[in-house]
Amino acid sequence: MDWDRIRIFYTVAESGSFTKAGDVLGLSQSAVSRQIADLEYEIGLPLFERTTRGATLTPAGSLLLEHGRRLTEEGGLLAEELDRLRAEQDATAAAIVDLMAAQGPITRAAVATQETVPEAGAFSAVAGTRREPIVWASRSAVGPRAKAALQRARVRSVRIIGSSSRIPTAVSSDLSASGFSPSRLAGTSSAEISAGIAQYFRNSYSATRVSLARSTSTRTSDPAIAAAYGEPVLIVGTAPPAQVVVQVQRSPQWPSIRAVGPSSRVTSTTLARVRDS
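Described in the following lines is the structure provided in the data block.

Reading the values: the criteria
Residues numbered from 1 in each chain as written. Predicted model: local features only at pLDDT ≥ 70, side-chain atom pairs only at ≥ 80, totals over all residues. Heavy atoms only, no water. Pairing = 2+ DSSP bridges. Helix = DSSP H or I, 4+ residues; strand = E, 2+ residues; numbered from the N terminus. Right-handed = clockwise from strand over helix to strand, strands pointing away. Buried < 20%, exposed > 50% of the residue type's maximum accessible area, 1.4 Å probe, protein only. Lys, Arg positive; Asp, Glu negative; His and termini not counted. Salt bridge = Lys/Arg side-chain N within 4 Å of Asp/Glu carboxyl O. Contact = heavy atoms within 4.5 Å.

1. Here's the deal with the pairing of strand S6 (residues 181-184)
Note on strand geometry: in a regular strand, side chains alternate between the two faces of the sheet. Where strand S5 (residues 157-160) meets S6, four bridges bridge the pair, whose relative direction is parallel. Of the residues in S6, the one forming a bridge with Arg-159 is Ser-183. In this fold, the crossover linking S5 to S6 by way of helix H7 (residues 169-177) has right-handed handedness.

The structure is reproduced here in structure tokens:
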């Protein structure tokens with residue numbers, strides 16, 4: 001549930017008017033009405049009776065109002081905590097860029113989001129070798145500290161690790177507006193992008209083995225763990241994606257395959273299918 005909509009709902013309920021709520025919130029009456037309509041659609045029940053005298057709560061609206069103040073307070077605390085975590089992540093990325101720049105020139109960096117943690121994990125296997133630090137973005141922009149650190153390091157080229165559905169074009173626009181030259185690794189899925197990373201950077205690995213790692217919605221850390229081996233990391237699901245099988249077939253320089261994690265994560269069947277490809 002959208003916390004901003006809850007806050008708008010609570011203001012309308014308190015003021016008894018969409019127009020008065022808009023005045024309090026600094027929004028137009030139509031914007032308030034649209035947000036309430038979206039909230040009603042999300043809940044599946046009407047929250048207000050609209051009359052010429054204003055807006056009165058329906059039974060569903062009264063029930064939501066009982067919990068509205070608590071939800072608004074909790075939503076505010078959650079937003080503050082998320083902002084703090086994003087600031088810490090941004091500061092850490094900036095520190096890594098500064099440290100790497102102190103050790104020598106950096107010509108390119110990579111950008112990931114929380115939605116592309118698996119792809120970032122696969123890329124981290126070569127990030128150190130290629131001296132390409134990974135910085136983090138929201139769905140609209142790279143963190144300000146990391147961006148400033150890249151500018152101090154005179155980085156111009158930035159590689160976006162993820163499809164446009166997971167790292168929106170707004171991030172590319174933000175980078176371009178800040179003087180960077182962004183490019184995007186091809187692929188739509190984590191598996192496809194990990195195979196693309198292995199292929200594109202095949203000469204940057206010294207290993208003769210490839211690692212298979214699984215990523216799920218509840219656990220995205222396995223590719224980053226696998227990257228510690230310094231081997232190409234190919235992301236798999238319950239079965240090996242076609243892109244992964246093709247990549248292994250095209251890579252005789254990696255004759256051995258390692259499954260990272262227990263057999264419940266990368267099954268023996270998946271390992272055998274990729275190995276026998």
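That was the structure; now back to the text.
2. Some thoughts on the side chain of Asp-90
Within the secondary structure, Asp-90 is located in helix H4 (residues 59-102). No salt bridge is formed by the buried Asp-90; the nearest opposite charge belongs to Arg-145, separated by 5.1 Å. Leaving out residues up to four positions away in the same chain, Asp-90 has contacts with Gly-143, Pro-144, Arg-145 and Ala-146.

3. Observations regarding the environment of Val-244
As for its placement among the helices and strands, Val-244 is situated in helix H10 (residues 242-249). By relative accessible area, Val-244 is classed as buried at 0%. Spatially, the C-alpha atom of Val-244 lies 30 Å from that of Ile-106, the residues being 138 residues apart in sequence. Apart from residues lying up to four places away in sequence, Val-244 is in contact with Ala-191, Leu-212, Leu-234, Ile-235, Val-236 and Val-274.

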